[in-house]
Amino acid sequence: MSEKDLQRFLHKVEQLKQMTNSLDEVDGRRELLASCVNHNQVIELARSWGYEIGRRWGEKDLIPQELSIEGLIKSCRRQKGDESKHIIHQGDTWRLELVQSFAASSPQGFWYDQLEHEWILLLRGSATIKFKDPELLLELNVGDQLHLPPHRLHRVERTDPLPGTLWLTLFWEAKN
C-alpha cells in the first residue's frame, strides 16, 4: 500500500468513527442512516453531515491533480494583465470555464459581442464590467452572478491584482 493510499484509508476510518459517534449525539441521525437503501445514499448523507467517506482504498483520483480546480488555480500565470481560461467541461452546445484575471482589462475600445449566453459566478476577488447601450458600470464581488444574453455589448474594465479575480463561466448557445 502506498503512503497516499494509507493516508486516504486512515482518513476514511477517522471520518467513519466521527460519523458513528454522531449517531448517538445528534437526534434523528440513526434513523436517517437506517433509511438509506444503497451505498450512494449513505455517501451523500454522510457528506451532508460534513463527513467524506466515499473514497475507497486503492481508488484512483477521479480528476488528476493538474486538472482539478485547485491544480488549475495553482498552474495559472500570475502577471499583471494576464487572463487565463480553462475549459472544465463541455457538451455540444455549452462549455464551463474557469477564468483567472490578474489586474486585467479589455483592450481600449474593445467590446465583447457574443453569439452565446454567458452566466458568470465570481469565486474570488472583484471586477468591474462596463455595458454599452445603455451605458452602465457594474461592480461584481465574491458570490455575485450575472447573466449576459447574446449580443449584450460589454467589456471588462478591471479585475483585482494578485491573487486575482476568479470567475466560473457557463456559455451556451442561444435558441433560435
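Here the structure is a predicted model, which is why all the values come from computation and not from measurement.

Trainee: Any chance you could break down the pattern of salt bridges for me, citing the residues and the numbers?
Mentor: This structure, assessed with the given rule, holds 9 salt bridges. The partner of Arg95 in a salt bridge is Glu97, and the shortest N-O contact between them spans 2.7 Å. On the accessibility criterion, Glu97 (7% relative accessible area) is buried. The salt bridge involving Glu157 is made with Arg155; its shortest N-O contact spans 2.5 Å. For Glu157, a relative accessible area of 30% corresponds to the partly exposed category.

Trainee: Help me get a handle on the packing of aromatic side chains, residues and values and all.
Mentor: Evaluated as defined, the whole model comprises 1 aromatic pair. Between Phe110 and Tyr112, the aromatic rings sit 4.9 Å apart at their centres with planes inclined by 85°, giving edge-to-face as the arrangement. Using a relative accessible area of 35% as the deciding quantity, one classes Phe110 as partly exposed. Owing to a relative accessible area of 24%, Tyr112 belongs among the partly exposed residues under this scheme. When the ring centre of Trp111 is taken as reference, the NZ or CZ atom of Arg155 above it lies at 6.0 Å.

Trainee: Residues and numbers for helix 3 (residues 39-48), please.
Mentor: Every α-helical turn comprises 3.6 residues, leaving residues that sit three or four positions apart pointing alike. All of the buried residues in helix 3 are Ile43, Leu45 and Ala46. Buried residues of helix 3, seen end-on, are gathered within an arc of 165° and therefore sit on one face of the element. Residues of helix 3 that are exposed and angled more than 90 degrees away from the buried face: Asn40 and Ser48. Packed against the buried residues of helix 3 are helix 1 (3-25) and helix 2 (29-34). The residue sitting at the N-terminus of helix 3 and contributing the capping side-chain oxygen is Asn38; that oxygen lies 2.8 Å from the backbone nitrogen of Gln41. Taken from the residues just after helix 3, Gly50 is the one with a positive phi, measuring 95°.

The rules behind each value
- Residues numbered from 1 in each chain as written.
- Predicted model: local features only at pLDDT ≥ 70, side-chain atom pairs only at ≥ 80, totals over all residues.
- Heavy atoms only, no water.
- Salt bridge = Lys/Arg side-chain N within 4 Å of Asp/Glu carboxyl O.
- Buried < 20%, exposed > 50% of the residue type's maximum accessible area, 1.4 Å probe, protein only.
- Phe/Tyr/Trp six-rings, centres within 6.5 Å; stacked < 30°, edge-to-face > 60°.
- Lys NZ or Arg CZ within 6 Å of the ring centre and 35° of its normal.
- Helix = DSSP H or I, 4+ residues; strand = E, 2+ residues; numbered from the N terminus.
- Arc of directions from axis to C-beta.
- Contact = heavy atoms within 4.5 Å.
- Polar contact = N/O pair within 3.5 Å; in protein donor to acceptor, adjacent residues only side chain to side chain.

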